[in-house]
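Here is what each chain is made of, one letter per residue.
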Amino acid sequence: MRRARDFWATVRPRTRRGAILATAAIVVAAVAVSIGVLAGAAMAWTPYVTYDLDRTSNARTWATRQLDFAGSAACAECHKPQVADVAAAPHKTVACESCHAALGAHVAERPAPGARILPLAVPGNAACIACHNDTTGRPASLHTIDQWQHYKPVCLDCHDPHTTAATRPPQVMHPLANLPECITCHGPEGFKARNIRHPDEATDDVSCLECHAKGRGPEQETGQ
Amino acid sequence: MTEPLLPTDPVPTATSEPVDPALLVPLTELAPAIHAASVSRRAFLGFGLAITGGLVGAAVLAKLTPVFADDSPAAYPIGSSYDPATKQWTFIVDTASCIGCGMCVAACKEENNIPEEAAYTRTWVERHVVTADGTVYADSPEAGINGFPPDSTAPGAAGQPIEDSWFEPRLCMQCANSPCTGVCPVGATYKTPDGVILVDARRCIGCGYCVVACPYGARYLVPAGETTPSGIGGVADKCTWCYHRISRGQKPACVEICPVGARKFGEATDPEIATILAERAPKQLHPEYGTEPRVLYLGPSVDRA
């Protein structure tokens, strides 16, 4: 006790200025320690608090990146008929953005109903062919075509991508009696040639009328 | 000590000589200062109380603050309550329904700002072809981003009769027993409480240990350039299960975009996922690696093994 009193006698402030400085030093030290302890506590309790080299704060950086694909649910808020068509068709598993590309920015804009906005990118053949061309490895349940043996060069000329219904091929309107084979007029040499994408081997009348007889059409493309 | 001491300076006490009383400041003059500088018991306890109160206050504030504070645009709020500790995500890949269109690879590249060269990719699609003699050939031209040519491009597979074939989408397995997080010499790759393994690009030194440690080949080194997922080049990168999408309640871009639903994502308690887990028993791909992959597979990829 006496020793402590001796120590105090050596360090005690002896002037007003010294006392004020000592007080200030104690207060500053206390504040500094408190800030350190509080910041440490905040980081310990909130692992994702932004702090440059905190390892897990990085998770927050990843979690708050901007997204490009809005998701089909966002499309359904405005484009109800199209979404309903797709939901009832074999394309129900296909997301809007599978064909129409990323629309995150479009959704973020939230154009008012009726406002003039640029139409969506209408996908070209490539979008259809990406799934529907005949490729080794595809499940048998998938409807595939050989695109070089298919009839029209533009998929959407016949097929509605939402309902997947196809318009029927042109129906033969003229009488068939007393006429030569279809290929006579509609072959490569004929005056009204068939589309070049028709299968080369199918040149007999039976093959033609499979699709072009009145009321006939490729059944598998009318929604199944 | 050649200069004379100022009258107000403290007097050396080591000296044995009696102190000149004239040098000492009268005690009455010093009393208020001593009172201010010394710490009374009350003041000491007060300090303690203040610090304790501050700590408790900080803890309460931390608990009340969302883990991921929401400063994203109004159209895409992060669930203000997204807490990684409460989520256990499940990813299921159905190789029986994959059609190899490659949309998942393209969507991933766009969503995550991956460099456009095919060698840099977080996900890819392989085509496995079994020939009549039982050999399995795999090809993945340009990681499958442009789909697949009609016939396998694997050397040796051309022209052989094919017995079976299927597509196998691949991505980071987010292994429960992950070698990549173990080998990182700087602790740049780590596992979040929801099980997703991420890379801190600020810490990564680009040594590539994790790239070779991954038995599933799910990692790559991002080249320096303008197109980088994290904004930093020359570092390791990998699939995050679109961490920025799942934190907002969205599905990863590849799952969202898959036209045949070959990729499924959700919590194990989600009805769709729970049904698959209960009825179709998805399996790990290459469980023999021992890394406990958390992406589960259905279809020929695991059924034929």
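Basis of the calculations
Residues numbered from 1 in each chain as written. Chains lettered and ligands numbered in written order. Predicted model: local features only at pLDDT ≥ 70, side-chain atom pairs only at ≥ 80, totals over all residues. Pairing = 2+ DSSP bridges. Helix = DSSP H or I, 4+ residues; strand = E, 2+ residues; numbered from the N terminus. Axes fitted to C-alpha atoms, helices over the stretch in contact; angles between N-to-C directions. Contact = placed C-beta atoms within 7 Å. Buried ≥ 20, exposed ≤ 12 C-beta atoms within 10 Å, placed from the backbone. Arc of directions from axis to C-beta. Core = buried A, V, L, I, M, F, W, Y, C linked by C-beta atoms within 7 Å. Domains from an automatic or database assignment. pLDDT = per-residue confidence, 0-100.

## Some points on the sheet that holds strand β2 (residues 124–131) of chain B
Residue and element names in this part refer to chain B.
Argument step 1. Ordered by their spatial adjacency, three strands build an open sheet running β3-β2-β4, and the pairing between neighbours is antiparallel. Each edge of the open sheet is held by one strand with a lone partner, namely β3 (136–139) and β4 (162–170). Ignoring which end each strand starts from, the neighbouring axes of this sheet average 20° apart.
Argument step 2. Here β2 pairs with β4 via eight bridges, running antiparallel. In the strand pairing of β4, H128 is matched with W166.

## A short note on the sheet that holds strand β9 (residues 263–267) of chain B
Residue and element names in this part refer to chain B.
Argument step 1. Pairing is mixed across the open sheet formed by four strands, whose spatial order is β9-β1-β11-β10. Single-partner strands in this sheet number two, and they are β9 and β10 (283–284).
Argument step 2. Across four bridges, the pairing between strand β1 (residues 89–94) and strand β11 (residues 295–298) is parallel. Following the sheet pairing, F91 is matched in β11 by V295.
Argument step 3. Those strands touched by helix α8 (residues 271–279) are β1 and β9, and its axis lies near 110° from that of β9.

## So, helix α8 (residues 125–132) of chain A
Argument step 1. Of all the residues in α8 of chain A, the buried ones are A127, A130, C131 and H132 of chain A. All buried residues of α8 of chain A lie within an arc of 165° about the axis, which places them on one face of the element.
Argument step 2. On the buried face of α8 of chain A, the contacting elements are α6 (96–100) of chain A together with α3 (103–112) of chain B.

## Brief notes about the nonpolar core
Argument step 1. Core analysis: the largest hydrophobic core is formed by 76 residues, its most contacted members being A107 and I257 of chain B.
Argument step 2. Counting residues domain by domain, this core receives three or more from each of domain 1 (2–63) and domain 2 (66–119) of chain A.
Argument step 3. In this structure, I257 of chain B is in contact with F69, A95, E97 and S98 of chain A together with M103, C104 and A107 of chain B, ignoring residues within four places of it in sequence.

## Section: unusual backbone geometry
All names here are of chain B.
Argument step 1. One non-glycine residue, N113, adopts positive backbone phi at about 60°.
Argument step 2. With respect to the element layout, N113 can be found in the loop between α3 and β2.
Argument step 3. Judged by C-beta crowding, with 16 C-beta atoms within 10 Å, N113 ranks as partly exposed.
Argument step 4. In this structure, E292 takes a positive phi of about 50° despite not being glycine.
Argument step 5. Its place among the elements puts E292 in the loop between β10 and β11.

## What to know about the pairing of β3 of chain B
Residues and elements named next belong to chain B.
Argument step 1. Both β2 and β3 contribute to a ladder of four bridges, which runs antiparallel. Among the inter-strand pairings, H128 is bridged to a residue of β3, identified as A138.
Argument step 2. The loop that links β2 with its antiparallel partner β3 comprises four residues; one of these, G134, has a positive phi angle of about 90°.

## Some thoughts on the confidence of the model for chain A
Residues and elements named next belong to chain A.
Argument step 1. With 85% of its residues at a pLDDT of at least 70, chain A reaches an overall mean of 80.
Argument step 2. Element-level mean pLDDT values for chain A span from 79 in helix α1 (residues 2–11) up to 93 in helix α5 (residues 80–87).
Argument step 3. Note that pLDDT drops below 50 for residues 219–224; the model gives that stretch ten contacts with residues more than four away or on any other chain.

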